[in-house]
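Geometric and topological summary
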Amino acid sequence: MCSLSPPNLLQSYITPDDNGSNDAFMEQLARAGFDEVLAGIGEHFGLESLSCFYVTYIAVRHCVQAYMHSDSDDTHIFNLILPVHQVEGSDPELVLGADHDVPFHVPYRYERQAGILVGKDGQHGTAPVDYRGTGDMRMVASIYMGDFNKSNVGSYVRDWQDPPYPNYERGQLAKALLTRKHWVRDDPSVNITSALYLSDSDVTDVL
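None of these values were measured; they are calculated from a predicted model.

Position of methionine 68 among the secondary structure elements: in the loop between strand 3 (49–63) and strand 4 (77–85). Assessed through its relative accessible area of 8%, methionine 68 is described here as buried. The spatial distance from the C-alpha of methionine 68 to the C-alpha of alanine 127 is 9.6 Å, given a sequence separation of 59 residues. Among all residues touching methionine 68, those that are not within four sequence positions of it are Val95, Leu96, Gly97, Ala98, Asp99, His105, Gln123, His124 and Gly125.

For the rest of this paragraph, the subject is the packing of aromatic side chains. Using the criterion set out here, one finds six aromatic pairs in the structure. With a centroid separation of 5.7 Å and 55° between ring planes, the pair formed by phenylalanine 25 and tyrosine 57 is classed as tilted. Note that phenylalanine 25 is positioned in helix 1 (residues 19–31) and tyrosine 57 in strand 3, a separation of 32 residues in sequence. By relative accessible area, phenylalanine 25 is classed as buried at 14%. A ring pair is formed by phenylalanine 53 and tyrosine 144, whose centres lie 6.2 Å apart and whose planes are at 50°; its orientation type is tilted. Here the residue phenylalanine 53 occupies a position in strand 3, and tyrosine 144 occupies one in strand 10 (residues 138–146), the gap between them amounting to 91 residues. Taken together, Phe53, Tyr54, Tyr144 and Phe148 form an aromatic cluster joined through their ring pairs.

Backbone geometry at glutamine 113 places phi at a positive 65°, although glycine is not the residue there. Locating glutamine 113 in the fold gives a position in the loop between strand 6 (104–108) and strand 7 (116–119).

This brings us to the sheet that holds strand 8 (residues 123–126). Strand order across the open sheet formed by three strands is 6-5-8, with antiparallel pairing between neighbours. If you trace the sheet from one side to the other, it starts and ends with strand 6 and strand 8, each paired once. Put simply, the sheet's adjacent strands are angled 25° from each other on average, direction ignored. Here four bridges tie strand 5 (residues 94–98) to strand 8, and the two strands are oriented antiparallel to one another. Looking at the pairing, glycine 97 lines up with glutamine 123 of strand 8.

Cut-offs used in this document
- Residues numbered from 1 in each chain as written.
- Predicted model: local features only at pLDDT ≥ 70, side-chain atom pairs only at ≥ 80, totals over all residues.
- Heavy atoms only, no water.
- Helix = DSSP H or I, 4+ residues; strand = E, 2+ residues; numbered from the N terminus.
- Buried < 20%, exposed > 50% of the residue type's maximum accessible area, 1.4 Å probe, protein only.
- Contact = heavy atoms within 4.5 Å.
- Phe/Tyr/Trp six-rings, centres within 6.5 Å; stacked < 30°, edge-to-face > 60°.
- Pairing = 2+ DSSP bridges.
- Axes fitted to C-alpha atoms, helices over the stretch in contact; angles between N-to-C directions.

So far we have only geometry, and geometry alone does not tell us how the molecule works.
Shown next, in the form of structure tokens:
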């Protein structure tokens, strides 16, 4: 699935839109050792589990102004952003900070072979840029993950706007987020590969 952003932001999203394509993406993450990344995030933040629920590529050619926002609204939801293609000599590509009582913005340049994790109440936005007429763009991969449980999954599912993984109806999505775990603190048998073998019939009524 591909979608476009508003006129002041020339940005395209390329997102898996079914279980098969999503599982193929997750399988490549497993082959690259992403289980270790999930374990590091979970242990660092003292989480109980992590479910990767939304993966996408984002390509940007033009941005007038950074739209500062949070993907998590102060919950245990994180967005790991990884650079895929950068324009040589470009200004910083991301703005970090907040638009609270005392706004502050910090420019950030993506680093090759490294990702940046955003979440909780911290805000971020695409930095202003104009690659139009150059034939170039910048592209990142975003991997959203969260520590979901029975007490928080309902409010999250109601507020989520982007296409989620898997592409279930909202009631089924809540069950999937609680069932398809990719890391669990006290269960080393749970990983990305084990979640790949869960069929729709395994997404049980856990609410």
